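# Structure assessment
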Amino acid sequence: MDALVIKNLSYSYLDGKIALSNVNLTIQEGHRVALIGENGSGKSTLLLHINGLLDGQGFIEVMGIRRAKKNIKAIRHSIGCLFNPVEYQFIMPDLAHDIMISLPEHLSDKEKYNAALQWLKKFNLEQYATSSPLELSSGEMKKAALAGILAREPAFLLLDEPLNNLDRASAFEILKLLSLMTQTMLIATHRCIVAEKLATHVAVMKNGSITGYYNVKKALSLKEVKELLI
Amino acid sequence: MHIAKLAAFFLLLFHTLIPAQNLQLYVVVSIFLTLIMIYSGGMPSTALFFKNIPMFFFAAVFFVFMFFPGMTLSADKFLTLFKIILIFNISLAASSWLGRGGFLFCLKFISVQRLKLFLLLLSRSLASFERNVRAAAVGVQLRIELTGKQKLLVPKYYVRNLIMKELYSFQHSQAALASRLYDHNVTIYARNGFAVKDLLSVCVMASAAFADIFIQTANIKI
Ligand SMILES: Nc1ncnc2c1ncn2[C@@H]1O[C@H](COP(=O)(O)OP(=O)(O)OP(=O)(O)O)[C@@H](O)[C@H]1O
Ligand SMILES: [Mg+2]
């Protein structure tokens, strides 16, 4: 099955700036796709469309569900999204409660709290369970946000620059954690390591359109891909 | 403990709102109790100063209007100013005194999801605004050497940027709500901590506020 189908998607921001023009992209279930491209090429804008937060012209289907107003909850249910300015992603005043909103509804409050602590432990953040997310360092913030998203166990992950601000050890840890998961992923990134260690495919974005889609082995042998990664 | 703290907080609020018969006692008790709350809440004095900046503006505006021709100066008006500043500081102090645990505990009793979310976002944006103000203050000091008149440039550019940034951040918060909370409810598991320090401050505050309310309303002369 295709996890994501996008056809002829175009979008311009309110100020008239064309951010996406005729995007076509199909991702199979279980694939992990690195979305690469220069600054301002439209990667974040594309992720926001998949999540239904922006509404450009075109066709989008996520996990077999077509984009339409009545389907938006179902689509969001299958997606976990890590935004780029990550500090706005937190809703609750402390970390444990922030993860609790991602846990299944049928659990009791106490069970949720304990499960949240388990998730924090996975990311070495258990000592911050009662701290405010805004008091964390930027790398810790990224990890905490990621924990909050993974706790919901969505079928499709949209990750906008997941490794920014992470130290070497945390970056490798998170890559390992993500690579053990079976979810479909679309990862906007500038990092070579994401392509090497995590991605199965690479999509190249330029001036608001997808200009190439390769499997990772092919991609890493191409000059145009290598030039976009650090 | 959260309930006791909340009760003491409301008693103190009530105390500041009553008409004062014995002015000196009223002022002393109010300030004393607010200070107890501030110091047992553990708010550093620099934080207190920064959070009080809006109040300085407010008081300045108040004075400008007070000395307008045609306005009469009266003790009453100063008392009102005092009360406003006091209530602001009590709420401030209460936020750190009750802590995140207390805040969550209060939220637990609100059954309307929308109201809960509103309060959450409000506290969130206040926290991030304060954080940004501090970051901007550091940023300004790093980027320009402030001498005399140049200080006026700061409000001109940075305050505007700061406000724009906050407005822009609502968009992000909205996106977060949409993508993380599409049909879930906020659940709260409030831990009920207990500390001797808290118990003491609650007792002192409640009894002093109560005694003063009694003295003020019964109009006992001391
Ligand atoms: N809120 C906005 N209003 C107006 N224009 C915007 C807005 N957000 C982005 N843009 C513009 O849309 C274009 C695409 O932006 P986008 O954020 O999608 O790029 P990106 O590929 O994610 O870049 P980066 O690698 O820097 O994250 C940019 O030219 C940007 O200036
Ligand atoms: Mg981006």
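Before reading further, recall that the structure is shown in the block above.
These lines cover the structure that appears in this document, whether it is placed above or below. Note that the coordinates shown come from a computational prediction; the quantities given were computed from them, not determined experimentally.

### Things to note about the site of ligand 1
Residue and element names in this part refer to chain A.
- For ligand 1, the full set of nearby residues is Tyr-13, Asp-15, Lys-17, Ala-19, Gly-37, Asn-39, Gly-40, Ser-41, Gly-42, Lys-43, Ser-44 and Thr-45.
- In terms of residue count, helix H1 (residues 43-50) provides more of the shell around ligand 1 than any other element does, 3 residues in total.
- The residue makeup of the shell around ligand 1, split by class, is 2 nonpolar, 7 polar and 3 charged.

### So, helix H1 (residues 2-17) of chain B
Residues and elements named next belong to chain B.
- End to end, H1 covers 23 Å across 16 residues, agreeing with the expected 22 Å (1.5 Å per residue, within 8%).
- Turning to H1, its buried residues number three or more, namely His-2, Lys-5, Ala-8, Phe-9, Leu-12, His-15 and Thr-16. Buried positions in H1, seen along its axis, are confined to an arc of 145° and lie on one side of it. Projecting away from the buried face of H1 at angles above 90 degrees are the exposed residues Ile-3, Phe-14 and Leu-17.
- In the core, the buried residues of H1 are packed alongside helix H2 (23-41), helix H5 (75-108) and helix H8 (196-218).

### Side note on the sheet that holds strand E1 (residues 2-12) of chain A
- Taken in spatial order, the 4 strands line up as E2-E1-E4-E5 (chain A) in an open sheet, and their pairing is antiparallel. The open sheet terminates on both sides in strands that have one partner only, identified here as strand E2 (18-28) and strand E5 (65-66) of chain A.

### Describing H8(B)
Residue and element names in this part refer to chain B.
- The end-to-end C-alpha distance of H8 is 33 Å, a good match for the 33 Å that 23 residues give at a rise of 1.5 Å each.
- For H8, the complete set of buried residues consists of Asp-198, Ser-201, Val-202, Met-205, Ala-209 and Asp-212.
- Lining the buried residues of H8 we find H1 and H2.

### Concerning the interface of chain A and chain B
- Between chain A and chain B, the residue contacts involve 27 residues of the former and 25 residues of the latter.
- At the level of elements, helix H2 (72-78), helix H3 (95-100) and helix H4 (109-122) of chain A are the ones that each hand at least two residues to the side of chain A that touches chain B.
- Per element, the largest residue contribution to the side of chain A that touches chain B is 4 residues, and it comes from H4(A).
- Of the residues that constitute the side of chain A that touches chain B, the class distribution is 12 nonpolar, 7 polar and 8 charged.

### Focus: the sheet that holds strand E6 (residues 79-82) of chain A
Residues and elements named next belong to chain A.
- The sheet built from 6 strands is open, its strands ordered E6-E7-E8-E3-E9-E10 with mixed pairing. A single partner strand is all that each edge strand has here, and the edge strands are E6 and strand E10 (209-215). Between one strand and the next, the sheet's axes are offset by a mean angle of 15°, whatever the strand orientation.
- As paired elements, E6 and strand E7 (residues 156-160) share 4 bridges and run parallel to each other. Each residue of the ladder has a partner; that of Gly-80, found in E7, is Leu-157.

### Observations concerning the environment of Lys217(A)
- Tracing the backbone through its elements, the reader meets Lys217(A) in helix H8 (residues 216-220).
- The sequence separation of Lys217(A) and Glu196(A) amounts to 21 residues, and the corresponding C-alpha distance is 8.6 Å.

### Focus on the packing of H1(B) against H5(B)
Residues and elements named next belong to chain B.
- Where H1 contacts H5, the two axes come as close as 10 Å, and the packing angle between them is 170°. Here H5 runs roughly antiparallel to H1, going by the angle between their axes. Here His-2, Lys-5, Phe-9, Leu-12, Leu-13 and Thr-16 of H1 come into contact with H5, specifically with Lys-83, Leu-86, Ile-87, Ile-90, Ala-94, Trp-97, Leu-98, Gly-101, Gly-102 and Phe-105.

Basis of the calculations
- Residues numbered from 1 in each chain as written.
- Chains lettered and ligands numbered in written order.
- Predicted model: local features only at pLDDT ≥ 70, side-chain atom pairs only at ≥ 80, totals over all residues.
- Near = placed C-beta within 6 Å.
- Helix = DSSP H or I, 4+ residues; strand = E, 2+ residues; numbered from the N terminus.
- Nonpolar A, V, L, I, M, F, W, Y, C, P; charged D, E, K, R; others polar.
- Expected span 1.5 Å × (residues − 1).
- Buried ≥ 20, exposed ≤ 12 C-beta atoms within 10 Å, placed from the backbone.
- Arc of directions from axis to C-beta.
- Contact = placed C-beta atoms within 7 Å.
- Pairing = 2+ DSSP bridges.
- Axes fitted to C-alpha atoms, helices over the stretch in contact; angles between N-to-C directions.
- Parallel < 35°, antiparallel > 145°, perpendicular 65-115°, else oblique.

Limitation: the analysis is restricted to geometry and does not speak to function.
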